[in-house]
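If you want the building blocks of each chain, they are given just below.
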Amino acid sequence: MKKKILLIIVLFICCISVGYFICKKNIPRNENISEEKEFFDNKNFYLETGNLYVLKQNTENEYIQIPGDFANVKFKYINMFNETGYIFYIKENGEGEILRTKSYGEEWNKVEFDFALNDNCEFQFLNQFDIPTEGFLLVPNNENTKSDLYVVDDLINMDFVKVDISDINDTGKELQYYNMPTYMDSSRIYVEMKVGEYKDDENSEKFITNSTANYKWITEKEFYRQKEENINYQKDFVNSYNKRVDELDEKIFVKDFSKYNAPNNDVKISENQAKQIALKGFIEEANRYNNKEYLLNDDNEEITLETVRTNSFFTGKLEGRMENDNYLYEYNSTTDENKDFYGIERKAYVIKRGDTVSGVVEIYVDAATGLIIGGNEYGI
């Protein structure tokens, strides 16, 4: 009996061992393939035994093989921006190549240059908004004593255009070494580039561009001069705007709604009279803003008789403040003496001018008194 039990145990162990090896051999390759994949940070690409794959559009785990042998290459940059993607790598012989797709990875083409790429070159896109803009290629010479910089921006079809600041270089220095640009601050509006006389020049000069303005570079000195000029302009605008509010003609505009005691809400003025009164409002609004001259054109004017609420469209003042080295302004409602009297319902002519592209401005003319009691704007 004991021998029989021992025999059964031995047979059971043998079955388990054989089954283990059989099952191991029959495990589908795709169940342990992830152990052989080398994923890149963004998970859009992976490398496996020299083959490079890119994630197929609108899928989670279906990949497309990219033509080429990538077994012994050094990847310096690899990323996808929706339909556009770039791969910068160095081959075993030290030569560099950049591949680009504009078809969600379906087709890849080598970017052709009239100079050689090597391991000293750097390629980078600054933005983190999943769009192929603000890209730079840094190309040092063989001795690494000089370097060129190229900008690529697929949104405005700027395809590896060489950066040249020689025409704005007022430093008296021979600036020959361009460094990889960075964002000037967290706002990601301005791009800053250092250019020195040589690679490790501690006294390199800074040049700045508005990254949405076709990369027109200016000196750091000029940047801050323009910034100060803009701040002064904004301050002057606020002062001018508030002065116009103070000088509003009270025979045309209601300035103090706490004293606005209209006897009734009957229609006492004609549509034509309302148009003439509203014209003065359009002129006032156009004079406050340099970009609203279109309000002086009555080709698309509309007029309706409606019930509206009085508001501070013409009487509200602006309040300015400095924030992060920028001058900002907004309507100041906290100190408005009229705020408790806004929202009075009145029958009024609503006269509109403009369009949704330039902006529509409405002016409210009280149908009983003929005074301008507010307005509205939209479409801007």
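Summarised in this report is the structure supplied together with it. None of these values were measured; they are calculated from a predicted model. (Residues numbered from 1 in each chain as written. Predicted model: local features only at pLDDT ≥ 70, side-chain atom pairs only at ≥ 80, totals over all residues. Heavy atoms only, no water.)

### Observations regarding the environment of Arg-309
By secondary structure assignment, the location of Arg-309 is in strand S18 (residues 302-309). Judged by its relative accessible area of 47%, Arg-309 falls in the partly exposed class. With residues up to four places along the chain from it excluded, the contact list for Arg-309 reads Gly-343, Ile-344, Glu-345 and Tyr-364. (Helix = DSSP H or I, 4+ residues; strand = E, 2+ residues; numbered from the N terminus. Buried < 20%, exposed > 50% of the residue type's maximum accessible area, 1.4 Å probe, protein only. Contact = heavy atoms within 4.5 Å.)

### Examining the sheet that holds strand S8 (residues 109-110)
Strands sit in the order S5-S6-S7-S8 across an open sheet of 4 strands; the sheet is antiparallel. Two strands lie at the open edges of the sheet, namely strand S5 (74-81) and S8, each paired on one side alone. Where strand S6 (residues 84-90) meets strand S7 (residues 96-101), 6 bridges bridge the pair, whose relative direction is antiparallel. Its bridge partner lying in S7, Tyr-86 is registered against Arg-100. (Pairing = 2+ DSSP bridges.)

### What about the pairing of strand S2 (residues 45-48)?
The two faces of S2 match: Phe-45 and Leu-47 on one face and Tyr-46 and Glu-48 on the other face are all buried. With 2 bridges connecting them, strand S1 (residues 38-39) and S2 associate as antiparallel partners. Bridged to Glu-38 within S2 is Leu-47. What sits between the antiparallel neighbours S1 and S2 is a turn of 5 residues, in which Lys-43 has the positive phi angle 65°. Direction of pairing for S2 relative to strand S3 (residues 51-55): antiparallel, over a ladder of 4 bridges. Counterpart to Phe-45 in the pairing with S3 is Val-54. In sequence, S2 turns back onto S3 through a hairpin of 2 residues, with Thr-49 there showing a positive phi of about 45°.

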